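Observations on the model geometry
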Amino acid sequence: MKWKKLGPVFCADKESDWLYSHAMIPIAQQIDGDLFRIYFSSRDKFNRGHGGYCEVDMRAPTEVIRVNDSPVLAPGELGCFDDSGALPNSIVAVGDRKLLFYTGINLGVTVKIRNSIGLAEWNETTQQFEKSFLGPIIDRTRIFPHFVATPEVMYENGRFRAWFTSCIGWKMEAGEPKHFYHLEYAESSDGVEWERNGTVAIGLQDRFEYAIGVPRVLNDPGGYRMWFCSRATQQEDTYRIRYAVSEDGVSWSRRDNEVGIDVSSAGWDSEMICYPYVFDHAGERYMLYNGNGYGRTGFGIAILDKC
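Residues numbered from 1 in each chain as written. Predicted model: local features only at pLDDT ≥ 70, side-chain atom pairs only at ≥ 80, totals over all residues. Heavy atoms only, no water.

A short note on the pairing of strand β16 (residues 209-220)
Among the 12 residues that make up β16, 11 are buried, leaving the element largely enclosed by the rest of the structure. Bridging between β16 and strand β17 (residues 223-232) involves nine bridges; their strand directions are antiparallel. Directly across from L218, in β17, lies its bridge partner R225. (Buried < 20%, exposed > 50% of the residue type's maximum accessible area, 1.4 Å probe, protein only. Helix = DSSP H or I, 4+ residues; strand = E, 2+ residues; numbered from the N terminus. Pairing = 2+ DSSP bridges.)

Next comes the structure, spelled out in C-alpha cells:
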C-alpha cells in the first residue's frame, strides 16, 4: 500500500464552548452520493469530549461544506462513566437503526483515566445520538479489572463483532503511572451483552510497545484488514498507524511495514499520525486520520495510490 495525503480537513478553533479545540477520531458516513458526514470528537472549554460532525463533498474532500452547530453526543451526568467526555467511535447500521458505540471518559485519581464503552442510537427527530443507557455496556469486571475504549464494531451474520482497546495494567515509571493496553476481541448477539473471553486481537509485540488503540476493520474479498495505531518507547514514543490482516477477523498477522503512511516532514502531522478510519467511495479507498497532539491539529485525509 501507498497512501497519498490530500491534506488537512478540519480542526475546532473556538467556534463555540463545546467546539473549542481538537477534532479527533474521525469516522465517515455517506449521506447521499458524494456527500459525506464526518463525525469527530471535539473538546470543550473544560477539556471534555463532545461528538460533532462536519460535511464534505468527496469530489473535494478537504473543503468543509458545513459544521453542525450543536453536539450530537455530549458528556454524561455527574458521576457517570462518561461525565468527562463522550467520544464517537463506531457507527453500525442494523436494519433502519443507526447505532453508535462510543468511549466514555471518566477521570481517575491514582491513575489518569478509567474509560468504558457506551451505546447510543440516532434519533432522526432530535438529530442526535440518544444514549441507550446511563451506564456502559463494556466496562471493568472482576476478570478484566482495567479500562476499555475505542471500539470498532461490525454486524455480520446476525452477530455483533467488536475490536477494542483493553488495558492490561499500569506501572509506575519515573514517578508517574503508565498504562499498557492491547486490542481485545468480543462478540454479542444484541450489541449490549458481550461475550468476553480474553481473546487478544493485536497484542504488544515487544517490551517497548505499550499502547495499541483505535482499530478499524474492513472485510475485503481477500480477507479482513485492520488499521490501528500504537506507541513504543524504543521508537518514536508517539503514535504511528499500523496494519494487520486476518482470514477470520479473530487471529491477526501484523504487516506494519506495509501500511504505506507515516508522519510528514513538517506541518500538522509531522510529530504523530493516529486514529485512522478507512472507507471506500466511488472506486477509491480513503483514510481519515489525526496528526499531532492526538487530534489537537485536527484530522486530514489520504487516498490509496493504485499504482
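Next comes the rest of the description.
Observations regarding the side chain of S116
Structurally, S116 is set in strand β9 (residues 116-123). For S116, a relative accessible area of 0% translates into the label buried. Among residues more than four places away in sequence, those in contact with S116 are F81, Y102, T103, G104, P136, I138, D139 and V148. (Contact = heavy atoms within 4.5 Å.)

A look at the nonpolar core
Core analysis: the largest hydrophobic core is formed by 32 residues, its most contacted members being F10, F129, F279, L288 and F299. Of all the elements, strand β4 (residues 35-43) adds the most residues to this core, at four residues. Excluding residues that lie within four positions of it along the chain, F10 makes contacts with E15, L19, A23, F40, C54, V64, V67, G298 and F299. (Core = buried A, V, L, I, M, F, W, Y, C linked by side-chain atoms within 4.5 Å.)

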